[in-house]
Amino acid sequence: MKTRGKVLILGATGGIGGETARQLIREDWEVRALKRGGNRSEHTDDIQWIRGDALDREHVNAAAKDCSVIVHAVNPPGYRNWQHLVLPMLRNTISAAEQNSSLIVLPGTVYNYGPDAFPLLREDAQQRPVTKKGAIRVQMEKELEAYSQRGGRVLIVRAGDFFGPHAGNNWFSQGLIKPGRLPKVISNPGTPDTGHQWAYLPDIAKTISALLARHEELDPFARFHMQGHWDPDGREMARAIQRITAHYGSAAKIQSFPWWFMYMAAPFNATLRELLEMRYLWRQSARLDNTKLVTFLGTEPHTPLDEAVHMTLQGLGCIENADAPPPPMART
C-alpha cells in the first residue's frame, strides 16, 4: 500500500505525540517512534517502535533515516530538569533532520509570550517570556528558525492547555479532576472573568495532519495558532465537566483551586514549582488568534466542548464506557 511518507515521532508515548501518531496512521503515514527500553525494534498499533533515547544523537539519527517528517513532541517527564534536557534533545532532532532533509513539527505553547503580548496572540507577536520554561521555548523556536535559514523546513502548531483521553501531564487531569474516579469536586485554577485557552489533543493532531498534507505550500518556517476551546470567563471548562458527570450520577461541586497548597508544597516538588511558574496564564486572558490557520486550511478541526470533555473523562477512567447513551452535547 502506498503511504504519504515516513514520519518519526519523538514522544509518542505522551499525549500530543501519541495522538499525532494515531492520526497520521489513519492518514496513511508510515509511523516510527523512538522509546527507551523494550526490544530493539517492534511493531505494535501500526507503529514501528525503535529502542533509543532522544538524548542520544546517534539513536535519533538512525531512527530518522529516510523520514521526511520528524515530530518533536518529547519533553522531560514531570517538567523536571528542563534547562539541561530540552535543548539537547531538540538539537539532536535538528541534526537528524539535516541529515534526512526532514520537516520538523513542533507543538508550540503559549509560554513563549509575556503579558505585554496579551490578550490576543498572533503568530508575529513579540515573544518576551516571563518564566524560565518560556525562555527555553523561545530558544527552541530560534534554533528551529536558524535551521530553516540553512535550508530546512519547520512547522510550529501552537495551542492552549492540552486535554484529551490519552493526555498525561496537564492541568485538566492534574488540577481540575483526579483520574480514575468520578469527580465529586472540580478544582478551577482560573481567576473569575478571565479567559483561558484550551486545546483538545485529537483536534491538534488533525490540524498537524491537515497541514502536513499540504506541506509543499508551507513557508520554510511556518507557524500557526489554533483557537481550540476558548473559555471566555474561566468557568466554562469546569461547567462542562459538571454537566457530563451529572449524567453519571455525580453532583460535582466547583471550587477554587488550592493555590495556597501549591505554594507550600512547591519547595519540595519540582513539578509543582513548574506549574506555579505558569500561574500568570490563569490570571490574565491570553487568546490565540487562528485567522492565519483558517485562511490556509479553510477551517480548524474542532470537537464540540461537551463531546471532547466526555471523551477525556472516559479516557481518564473517570466515567465508565457505559452502554447508556452519552449525555446531550452542547454545541460549543
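Presented here is a report on the structure given in the accompanying data block. (Residues numbered from 1 in each chain as written. Predicted model: local features only at pLDDT ≥ 70, side-chain atom pairs only at ≥ 80, totals over all residues. Heavy atoms only, no water.)

**Thoughts on the side chain of Asn92**
Inclusion rule: Numbering of helices and strands starts at the N terminus; helices are DSSP runs of H or I of at least 4 residues and strands are runs of E of at least 2. Any two residues whose heavy atoms approach within 4.5 Å at even a single point are treated as in contact.
Tracing the chain through its elements places Asn92 in helix H3 (residues 82-100). Ignoring anything within four residues of it in the chain, the contact list for Asn92 reads Ala54, Leu55, Asp56, Arg57, Val60 and Asn61.

**Some remarks on the packing of aromatic side chains**
To keep things clear, this is the line we draw: Stacked, edge-to-face and tilted are the three classes for Phe, Tyr and Trp ring pairs, Trp counted by its six-membered ring, which pair at centre distances within 6.5 Å; planes under 30 degrees apart are stacked, over 60 edge-to-face, the rest tilted. Exposure classes here rest on a 1.4 Å probe applied to the protein chains alone. A residue is buried below 20% of its type maximum, exposed above 50%, and partly exposed in between.
Scanning all chains against the criterion turns up 12 aromatic pairs. Taking 5.3 Å as the distance between ring centres and 70° as the angle between the ring planes, the aromatic pair formed by Trp171 and Trp282 counts as edge-to-face. In this pair, Trp171 sits in helix H5 (residues 171-176) while Trp282 sits in helix H10 (residues 280-283), placing the two residues 111 residues apart along the sequence. For the pair formed by Trp171 and Trp282, the shared burial category is buried. Both rings, one in Trp198 and one in Trp282, keep their centres 5.8 Å apart while their planes meet at 65°; by these two values the pair is edge-to-face. With Trp198 in strand E11 (residues 196-200) and Trp282 in helix H10, this pair connects stretches of sequence that are 84 residues apart.

**A few points about the sheet that holds strand E13 (residues 229-231)**
Test applied: Two strands are counted as paired when DSSP detects at least two bridges linking them. Here, axes are lines fitted to C-alpha atoms. For helices the fit covers the stretch in contact, and angles between N-to-C directions go from 0 to 180 degrees.
Here we have three strands laid out as an open sheet, ordered E9-E11-E13, and mixed in their pairing. On the outer flanks of this sheet lie strand E9 (161-163) and E13, each paired with one strand and no other. Averaged over all pairs of adjacent strands, the angle between their axes in this sheet comes to 35°, without regard to strand direction. Bridge count for E11 against E13 is three bridges, and the pairing is antiparallel. What sits directly across from His196, in E13, is Asp231.

**Structural notes on the nonpolar core**
So the rule is basically this: Residue types Ala, Val, Leu, Ile, Met, Phe, Trp, Tyr and Cys, when buried and joined through side-chain atoms within 4.5 Å, form a set referred to as a nonpolar core.
If you look at the biggest cluster of nonpolar residues, it comprises 33 residues, and the most contacted ones within it are Val31, Leu155 and Leu212. If you tally residues by element for this core, the top one is helix H6 (residues 201-212), at five residues. Setting aside anything within four residues of it in sequence, one finds Leu155 in contact with Leu103, Ile104, Val105, Leu106, Leu211, Leu212, Leu218, Ala222 and Phe224. By size, the runner-up hydrophobic cluster in this structure holds 30 residues, among which are Phe172, Met237, Leu276 and Leu316.

Read these as layout, nothing more, since geometry by itself doesn't imply function.
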